[in-house]
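# Breakdown of the fold
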Amino acid sequence: GAAPAAAAAAESKGPKKKKGPVLCVKKGLGAGVELSPTCWGMRVDLIEKKPGQPDLTEGCTIIAIGGVNLLGLANEDEVYEAFDKGFKEEGDIPVSVDPVAFETVELPPEAAGWATTFKEDLDCLASKFAV
């Protein structure tokens, strides 16, 4: 009888469990992040100490914000506009995040003789990925 009700009441008074990653936006400070729109979402380029973003890391990509999807959009302008729709000026905004992943690939010695466009392609990839 009363024991389960008391246990449920005690649980409801405890600290709230976080449901997932959020973008923290504080009045007067904003989000404290520098972002770049990419075809994969908003890349996090810089995180300032205040207000801090415990759920984000520099280099990760926000792929949804406030229930608004940022994946599969036609171009970076649409990503920026979609991000703006999901953003709010204050509070914790739910986000989905693609984490940073690093892979090191060693090129074979004959790569030195590959077409000069290979380096241009790598430079292009480097501007979108951490290559």
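Above this note sits the structure.
Rules used throughout
Residues numbered from 1 in each chain as written. Predicted model: local features only at pLDDT ≥ 70, side-chain atom pairs only at ≥ 80, totals over all residues. Heavy atoms only, no water. Helix = DSSP H or I, 4+ residues; strand = E, 2+ residues; numbered from the N terminus. Buried < 20%, exposed > 50% of the residue type's maximum accessible area, 1.4 Å probe, protein only. Contact = heavy atoms within 4.5 Å. Areas by Shrake-Rupley, 256 points an atom, 1.4 Å probe, with all protein chains shown as cover. Phe/Tyr/Trp six-rings, centres within 6.5 Å; stacked < 30°, edge-to-face > 60°. Pairing = 2+ DSSP bridges. Patch = residues over 30% accessible without salt bridge, like charges linked within 9 Å, V, L, I, M, F, W, Y side chains within 5 Å. Salt bridge = Lys/Arg side-chain N within 4 Å of Asp/Glu carboxyl O. Lys, Arg positive; Asp, Glu negative; His and termini not counted. Charge placed at Lys NZ, Arg CZ, Asp CG, Glu CD. Disulfide = S-S within 2.5 Å.

### Some thoughts on the overall build of the chain
Check the secondary structure of the chain and you find 3 helices and 6 strands. Across the 131 residues that make up the chain, the buried fraction comes to 24%. In the chain, the proportion of contacts linking residues at least 24 apart, taken out of those at least 6 apart, comes to 52%. Accessible area of the chain: about 9300 Å², with a carbon and sulfur share of 56%.

### Some points on the packing of aromatic side chains
Counted by the stated rule, this structure contains 2 aromatic pairs. Where Phe 83 meets Phe 87, the ring centres are 5.9 Å apart and the plane angle is 25 degrees; that geometry is what we call stacked. Centroid distance Trp 114 to Phe 118: 4.8 Å. Interplanar angle 85 degrees. Geometry classified as edge-to-face. You can call Trp 114 partly exposed: its relative accessible area is 36%.

### As for the pairing of strand S3 (residues 41-47)
Walk down a regular strand and you will see the side chains alternate between the two sheet faces. The element S3 is largely enclosed, with a buried count of 5 among its 7 residues. Two elements, strand S2 (residues 33-38) and S3, share 6 bridges in a ladder whose sense is antiparallel. Each residue of the ladder has a partner; that of Leu 35, found in S3, is Val 44. Here S2 folds back onto S3 in antiparallel fashion, the turn holding 2 residues. Sheet topology places S3 next to strand S4 (residues 61-65); 2 bridges connect them, and they run antiparallel. Residue Arg 43 lies in a different strand from S4, and its bridge partner there is Thr 61.

### Let's talk about a negative patch on the surface
Together, Asp 77, Glu 78, Glu 81, Asp 84 and Glu 89 give the surface a local cluster of negative charge. Along the polypeptide, Asp 77 turns up in helix H2 (residues 76-86). Under the relative-accessibility criterion, Asp 77 is labelled exposed at 56%.

### Quick word on the state of the cysteines
Within the structure shown, the criterion is met by 0 disulfides. Cysteine Cys 39 shares no disulfide, and the gap to the nearest cysteine sulfur, in Cys 124, comes to 9.7 Å. Given a relative accessible area of 30%, Cys 39 falls into the partly exposed group.

### Let's talk about the pairing of strand S6 (residues 91-98)
In this structure, strand S1 (residues 22-25) lies alongside S6, joined through 4 bridges in antiparallel fashion. Bridge assignment links Val 22 to a residue of S6, and that residue is Pro 94. With 4 bridges connecting them, S4 and S6 associate as antiparallel partners. In the strand pairing of S6, Ile 65 is matched with Val 95.

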